[in-house]
Amino acid sequence: MLALFPLLDRNAYHLDLATGVGIYVILAMGLNVVVGFAGLLNLGYAAFFAIGAYVYALLSLHAHTPFWIGLPISGVVAMGFGFVIGLPAIRVRGDYLAITTLGFGEIVRIAFNNLSAWTGGPNGLLGIERPKIWAPTWKGHFGFELISFGVSALPYFYLVLVLIAVIAFFLFRLMDSKFGRALVAIREDELAASCMGIPVVQIKLCAFGISSFIAGLAGCVFAAKQTIVTPDSFDFILSVLILAMVVLGGMGNIWGAALGAVVLGFLPEILREFAAYRMLIFGVLMILVMIFRPQGILGGQLIRRELTRPIKEGS
Amino acid sequence: MPLLEVRSISKRFGGVRALDGMSLSVDEGEIVGLIGPNGAGKTSFFNVITGILPADEGEIFFQGGQQSLRGLSSDKILKKGLARTFQNLRIFKNMTLLENIAVGMYSRTQSSLWSAFFRTRRFHVEEKKVFKRGMGLLDLMGLANQGNEIAANLSYGNQKRLEIARALATEPKLLLLDEPVAGMNPSEKEEISNLIRKIQKRGIAVLLIEHDMKVVMPLSNRVVVMDDGKKIAEGPPEEIRKNPRVIQAYLGEA
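Residues numbered from 1 in each chain as written. Chains lettered and ligands numbered in written order. Predicted model: local features only at pLDDT ≥ 70, side-chain atom pairs only at ≥ 80, totals over all residues.

> Help me understand the overall build of chain A in this model?
A tally of regular secondary structure across chain A gives 13 helices and 4 strands. Since a compact globule built from 315 residues should have a radius of gyration of about 20 Å, the 21 Å found for chain A is in line with a globular shape. Counting only C-alpha atoms, chain A reaches 70 × 50 × 45 Å along its principal axes. For chain A, the proportion of its 315 residues judged to be buried stands at 46%. The long-range fraction of contacts in chain A, counting pairs at least 24 apart against all pairs at least 6 apart in sequence, stands at 76%. (Helix = DSSP H or I, 4+ residues; strand = E, 2+ residues; numbered from the N terminus. Rg over C-alpha atoms; globule rule 2.2 N^0.38 Å. Buried ≥ 20, exposed ≤ 12 C-beta atoms within 10 Å, placed from the backbone. Contact = placed C-beta atoms within 7 Å.)

See below:
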């Protein structure tokens, strides 16, 4: 159904906006793994997004790496940083973890800002290659041709849509497994989980890694779409915005996080006519949601296993 | 050779000696009652054995192993076959009963993160096994038709049963029960006592902290009495009842 959106609405600006929101959806689903499922507050999520974006930007500019190879590399490098940051950070809890990740987020942004020789400093990196695909063509005879994505957001929209579907598919599988249960158990009661044999540090680190990997993918797509990356695209406000999406949509719910991203992504545009009062209304709406539905829009749907009929058997 | 051998464990909290050279052993298939006045250090003792609190001194040996359990993390200790329940219930309230039990089986399953992502054959076989065994354990607890219920919706007594079931799911050799019948009525206490006997019959040794003498005494093969972080008496239940030091610890100086 969503795939039909570009056919119904031919406005290029709307399509561009929808693609941007799609990237938010990926980020929110990724952050949800850490915040929603494992209950770890990560305030530096934009840093992993930034790492993904810069990795592809650098690969593209220096090695002319095609997008499709850059995409997994961006994810893996972001995941590597996730492990490096996660290892010391996960040992501290609650507020302290939030502050540690907050610090990391700012360090990454400032590092990209100051490593001018590598990252172009505040000016960022320009001229990142767009993705190319082999598309069927008809020039008298049937053939394939390597076509680059253009300025139009249309191919990016579908790219993002496919990525969302694939990520959601794997996240659902992850959650409906012993790892998903272990994550939820850690969120519920870390001490009890540990005493029931859950290797808490290892599982948390896994969650951190998966979450960072997803952010890396989103960063790569973002870089390829904008063809320019600058440090100020990845500020603290972005981390907070994604966190707000997860909380608004419903922590621990995969579609909830996606819905939160859609709502918070489009809301500023819908409220555009209120001009100066836009952010004020935005804030008031957030407060109202938190008062009347503190668990988030789709929160509170507890994971229920489908067992058509209970197996009656002694052991 | 004892199943569990704890040698002179000490634990200080600032100036307070919670455990002061506490020793204890549990044999295979035995039920040992651990009693003592409030603040004697019974729960601290459990916490040290299960790796929640680091011990200051002493060693813990399990199944004749040469390596002390001291310093291992809680999940590694569990994997060796030592499971526990908590004095104030620590079930996963927002998970279903079956999921609670499935968490207990985490350490006994092999499938990796990849097999969860790609749904390998092994993953399916293992998941099926986990939930079948889970149903079996719920059946043992008399909770068979509530497997998909959210744990928070259970009565207090059933939550306590669920916690025991979750501990059994970890396939322990020794089960540490911290006040399993606290807050229950006499008939429920009787049921839990029978359940503990059933657990013993499965070849699982039980170390039991309990205040209710009507429960501990008939159940235990041996009773250990603690006071001030030390063992003050040990022996068969009939002997402990008459031991003057025990009476003194409970009732104070005459």
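> I keep staring at the overall build of chain B and nothing clicks. Help me out?
Assigned secondary structure in chain B consists of 10 helices and 9 strands. Rg of the C-alpha trace for chain B: 19 Å, near the compact-globule value of 18 Å for 254 residues, within the 12% margin. Considered along the principal axes of its C-alpha atoms, chain B spans approximately 65 × 40 × 35 Å. Put simply, chain B has 254 residues, and 44% of those count as buried. Considering only intrachain contacts with a sequence separation of at least 6, the fraction spanning at least 24 residues in chain B is 67%.

> Looking at this structure, I do not really get helix α3 (residues 97-104) of chain B. What am I missing?
Along an α-helix, residues three or four positions apart point the same way, because every turn accommodates 3.6 residues. Counting buried positions along α3(B) gives 8 out of 8 residues, so the element sits mostly inside the fold. The set of residues buried in α3(B) consists of B:Leu97, B:Leu98, B:Glu99, B:Asn100, B:Ile101, B:Ala102, B:Val103 and B:Gly104. Taken together, the buried residues of α3(B) touch α8 (178-188) and α9 (190-195) of chain A together with α5 (121-140) and α6 (156-169) of chain B.

> Quick question: what am I supposed to make of the nonpolar core here?
A general tendency of soluble globular proteins is for nonpolar side chains to be buried together. Counting 174 residues, the largest nonpolar core has A:Leu27 and A:Ala28 as the members making the most contacts within it. Counting only domains with at least three residues in this core, you end up with domain 1 (1-81 + 172-254) and domain 2 (92-170) of chain B. Those residues within four positions of A:Ala28 in sequence are excluded, and the remaining contacts are A:Ile242, A:Met245, A:Val246, A:Gly249, A:Ala257, A:Ala258, A:Gly260 and A:Ala261. (Core = buried A, V, L, I, M, F, W, Y, C linked by C-beta atoms within 7 Å. Domains from an automatic or database assignment.)

> Any chance you could explain the environment of B:Phe61 here in plain terms?
All names here are of chain B. Following the sequence through the fold, phenylalanine 61 ends up in strand β4 (residues 57-62). Residues phenylalanine 61 and arginine 7 lie 54 residues apart in sequence; the distance between their C-alpha atoms is 8.1 Å. Leave out the neighbours within four places in its chain, and phenylalanine 61 touches Glu5 and Ser68.

> Teacher, can you tell me more about the confidence of the model for chain B here?
For residues with low pLDDT, the predicted coordinates do not support detailed interpretation. When pLDDT is averaged along chain B, the result is 92, and 99% of the positions lie at 70 or above. Our summary of model confidence lists the complex with pTM equal to 0.88 and ipTM equal to 0.90. (pLDDT = per-residue confidence, 0-100.)

> Could you clarify how one ought to interpret the packing of α5(B) against α6(B) in this entry?
All names here are of chain B. Two elements in contact, α5 and α6, have axes whose closest approach is 10 Å; the angle formed by their N-to-C orientations is 140 degrees. Classified by the angle their axes make, α5 and α6 are oblique. Here α5 and α6 pass one another in a crossing that is right-handed. Where α5 approaches α6, its residues Gly134, Leu137 and Leu138 are matched on the opposing element by Ala165, Leu168 and Ala169. In the contact of α5 with α6, the residues fall into 5 nonpolar, 1 polar and no charged. (Axes fitted to C-alpha atoms, helices over the stretch in contact; angles between N-to-C directions. Parallel < 35°, antiparallel > 145°, perpendicular 65-115°, else oblique. Left-handed = near helix turned anticlockwise from the far one by under 90°. Nonpolar A, V, L, I, M, F, W, Y, C, P; charged D, E, K, R; others polar.)

> Can you help me understand the domain arrangement of chain B in this one?
One frequent convention defines the size of an interface as the accessible area lost when the parts assemble. All names here are of chain B. Entries for chain B in the domain assignment read domain 1 (1-81 + 172-254) and domain 2 (92-170). Listed per partner, the contact involves 11 residues of domain 1 and 8 residues of domain 2. Every element with two or more residues in the side of domain 1 that touches domain 2 is listed here: α2 (74-79) and α7 (186-201). Its residues assigned to classes, the side of domain 1 that touches domain 2 comprises 7 nonpolar, 1 polar and 3 charged.

> I would appreciate a short explanation of the sheet that holds strand β5 (residues 82-84) of chain B in the present structure.
In any sheet, the strands associate via hydrogen bonds between backbone groups, in a parallel or an antiparallel arrangement. All names here are of chain B. The 6 strands lie next to each other as β5-β6-β7-β3-β8-β9, forming an open sheet whose pairing is mixed. In this open sheet, the two strands that pair with only one neighbour each are β5 and β9 (230-235). Each neighbouring strand pair of the sheet contributes to a mean axis angle of 20 degrees, computed without reference to strand direction. Across 5 bridges, the pairing between strand β8 (residues 222-227) and β9 is antiparallel. For aspartate 227, the partnering residue across the bridge sits in β9 and is lysine 230. (Pairing = 2+ DSSP bridges.)

> Looking at this model, I keep getting lost on the environment of A:Met79. Mind explaining?
Residue and element names in this part refer to chain A. By the element assignment, methionine 79 lies in helix α4 (residues 67-89). Sequence spacing of methionine 79 and serine 148 is 69 residues, and the spatial spacing of their C-alpha atoms is 28 Å. In contact with methionine 79, other than residues within four places in its own chain, are Gly209, Ser212, Phe213 and Gly216.

> Got a minute to help me understand the sheet that holds β4(B) in this structure?
Residues and elements named next belong to chain B. With respect to topology, 3 strands assemble into an open sheet ordered β2-β1-β4, the strand pairing being antiparallel. The open sheet has two free edges, formed respectively by β2 (16-26) and β4, since each of these has just one partner strand. Put simply, the sheet's adjacent strands are angled 20 degrees from each other on average, direction ignored. One ladder, built from 8 bridges, connects strand β1 (residues 4-13) with β2; its direction is antiparallel. Counterpart to lysine 11 in the pairing with β2 is leucine 19. Contacting β1, β2 and β4, helix α1 (residues 42-49) runs over the sheet at an angle of about 70 degrees to β2.

> Teacher, can you tell me more about the confidence of the model for chain A here?
Looking at chain A, the pLDDT average stands at 87 and 94% of residues meet or exceed 70. Below pLDDT 50 for its whole length, residues 301-315 of chain A participates in 27 contacts with residues either more than four positions away or in separate chains.

> Help me understand α8(A) in this model?
Extensive coverage of α8(A) is indicated by the burial of 9 of its 11 residues. Turning to α8(A), its buried residues are A:Lys178, A:Phe179, A:Arg181, A:Ala182, A:Leu183, A:Val184, A:Ala185, A:Ile186 and A:Arg187.

> Can you help me understand the packing of helix α3 (residues 45-63) of chain A against helix α5 (residues 94-114) of chain A in this one?
A pair of packed helices is captured by two measures, namely the crossing angle of their axes and the spacing between those axes. All names here are of chain A. In contact at an axis separation of 8 Å, α3 and α5 are set at 30 degrees when each is read in the N-to-C sense. In terms of their interaxial angle, α3 and α5 are classed as roughly parallel. When the axes of α3 and α5 are compared, the crossing they make is left-handed. Judged by residue contacts, Ala46, Ala47, Ala50, Ile51 and Tyr54 of α3 engage Phe104, Gly105, Val108, Arg109 and Phe112 from α5.

> Would you explain the interface of chain B and chain A in this entry?
Tallying the contact residues gives 42 residues for chain B and 33 residues for chain A. Looking at the side of chain B that touches chain A, the elements with two or more residues in it are α2, α3, α4 (113-118) and α5 of chain B. Examining the composition of the side of chain B that touches chain A, we find that 7 residues originate from one element, α5(B), more than from any other. A class-by-class count of the residues in the side of chain B that touches chain A yields 17 nonpolar, 14 polar and 11 charged.

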